[in-house]
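Below, each chain spelled out in residue letters.
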Amino acid sequence: MGDKELLFGTKEWAPNNFNFMNGCSNDCTYCYAKDMAIRFKRKTSETWKNEIPVDMKGRSYGRREGAIMIPSSHDITPGNIDIALDVFKKLLASGNELLVVTKPHYDCTKKIVDAFLGNKSQIRFRFTIGSADDSVLKLWESGAPCFLERLKSLQYAFAKGYSTSISCEPLLDSHFDVLYSAVHPFVTDAIWVGKMNMAKKRVRDNTHGTFSEEKIESLVEGQSDEKIIALYLKYKDDHKIMWKESIKKIVIAHGLTNF
């Protein structure tokens with residue numbers, strides 16, 4: 001596969017997406033949606049964390065060709081779980097397949113899992129966990145749940161028989177082995193691994209340049225081509241590991257495979 005043919009972003013996972021909030025209380029420093037909202041003056045760095053429901057009047061919940069990634073530009077949180085459940089119900093009633101992508105709050109996960117046991121075959125969970133270290137998660141994702149809460153969510157969905165997967169995009173430290181060991185037993189599908197895209201620009205824009213330059217440089221250095229290649233070589237034969245476009249490009253450029 002040539003570099004130009006690589007899918008990227010949400011298209012690597014699903015051809016469709018569905019969002020129902022403007023803003024996200026996770027307030028992740030690297031968030032592409034926050035960066036876009038600031039750029040087009042829909043939000044500011046300070047107001048992004050304020051969740052505002054999108055006007056759903058006239059919105060179609062009809063059957064779509066291919067899976068729907070939900071959400072893609074915010075998260076499912078205690079502040080919007082009731083809206084989320086209503087949206088899920090309508091989309092599932094039309095026969096849609098949902099890819100639920102979230103930095104999971106356990107209570108929210110439990111409500112979704114319990115509410116749609118009869119639609120299990122239409123739902124895949126993809127829990128975003130970029131580190132097993134709470135201090136690292138708090139640094140980059142200040143409003144998102146801790147590691148154990150995310151792990152508990154994964155375990156609950158797994159125990160109830162749902163399809164489970166992990167997004168390690170972006171990786172937030174150099175200790176992937178620790179994270180892998182913790183989540184691997186509860187993953188039925190895949191563990192997606194990716195770099196932090198446009199790290200310096202997005203973090204600076206999203207934080208008005210107040211974020212530690214040293215922390216940004218350390219993360220970028222930890223995701224150098226040399227270190228990404230080492231990670232790829234270690235896990236390339238693991239059938240559960242899937243590589244995001246940011247890593248595929250590096251691997252292809254070094255002639256290791258064309259995927």
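Refer to the structure presented above.
Residues numbered from 1 in each chain as written. Predicted model: local features only at pLDDT ≥ 70, side-chain atom pairs only at ≥ 80, totals over all residues. Heavy atoms only, no water.

## What to know about unusual backbone geometry
- A cis amide bond links Ile70 to the next residue, Pro71, at an omega of -10°.
- If you trace the backbone, Pro71 turns up in the loop between β4 (68-70) and α2 (81-93).
- One non-glycine residue, Met198, lies in the positive phi region at around 50°.
- By the element assignment, Met198 lies in the loop between β8 (191-193) and α7 (199-206).
- Looking at Met198, the relative accessible area reads 44%, which means it is partly exposed.
- The phi dihedral of His208 is positive, around 55°, even though this residue is not glycine.
- Here His208 lies in the loop between α7 and α8 (213-222). (Helix = DSSP H or I, 4+ residues; strand = E, 2+ residues; numbered from the N terminus. Buried < 20%, exposed > 50% of the residue type's maximum accessible area, 1.4 Å probe, protein only.)

## Describing helix α10 (residues 245-253)
- Burial analysis of α10 places 7 of its 9 residues in the buried class, the great majority of the element.
- When α10 is considered as a whole, its buried residues turn out to be Glu245, Ser246, Ile247, Lys248, Ile250, Val251 and Ile252.
- The inward-facing, buried residues of α10 abut β8, α9 (225-235) and β9 (241-243).
- Gly255 sits one or two positions beyond α10 and adopts a positive phi of about 70°. (Contact = heavy atoms within 4.5 Å.)

## Considering the pairing of strand β5 (residues 98-102)
- The element β5 is extensively covered by neighbouring structure, given that 5 of its 5 residues are classed as buried.
- Of the two faces of β5, both are covered, the one formed by Leu98, Val100 and Thr102 as well as the one formed by Leu99 and Val101.
- Pairing of β4 with β5, which is carried by 3 bridges, proceeds in the parallel orientation. Bridged to Ile68 within β5 is Leu98.
- For the crossover from β4 across α2 to β5, the handedness is right-handed.
- As judged from the 5 bridges shared by β5 and strand β6 (residues 123-128), these two strands associate in the parallel manner. Following the sheet pairing, Leu99 is matched in β6 by Arg124.
- After leaving β5, the chain enters helix α3 (residues 106-115) and then returns to the sheet as β6, a path that is right-handed. (Pairing = 2+ DSSP bridges. Right-handed = clockwise from strand over helix to strand, strands pointing away.)

## Details of the environment of Ser163
- Relative to the assigned elements, Ser163 resides in strand β7 (residues 163-168).
- Remark: the alpha-carbon pair of Ser163 and Ala190, spanning 27 residues in sequence, is separated by 9.6 Å.
- Those residues within four positions of Ser163 in sequence are excluded, and the remaining contacts are Ile123, Arg124, Phe125, Thr188 and Asp189.

## Here we look at the pattern of salt bridges
- Taken as a whole and judged by the stated rule, the model has 18 salt bridges.
- A salt bridge links Asp35 to Lys201, with the shortest nitrogen-to-oxygen separation between them at 3.7 Å. Here Asp35 is found in helix α1 (residues 32-39), whereas its partner Lys201 is found in helix α7, with 166 residues between them in sequence.
- Overall, Asp35 belongs to the buried group, its relative accessible area being 3%.
- A cluster of three or more residues bridged by salt bridges with shared partners is formed by Asp35, Arg39, Lys201, Arg202 and Asp205. (Salt bridge = Lys/Arg side-chain N within 4 Å of Asp/Glu carboxyl O.)

Purely geometric numbers; function is a separate question.
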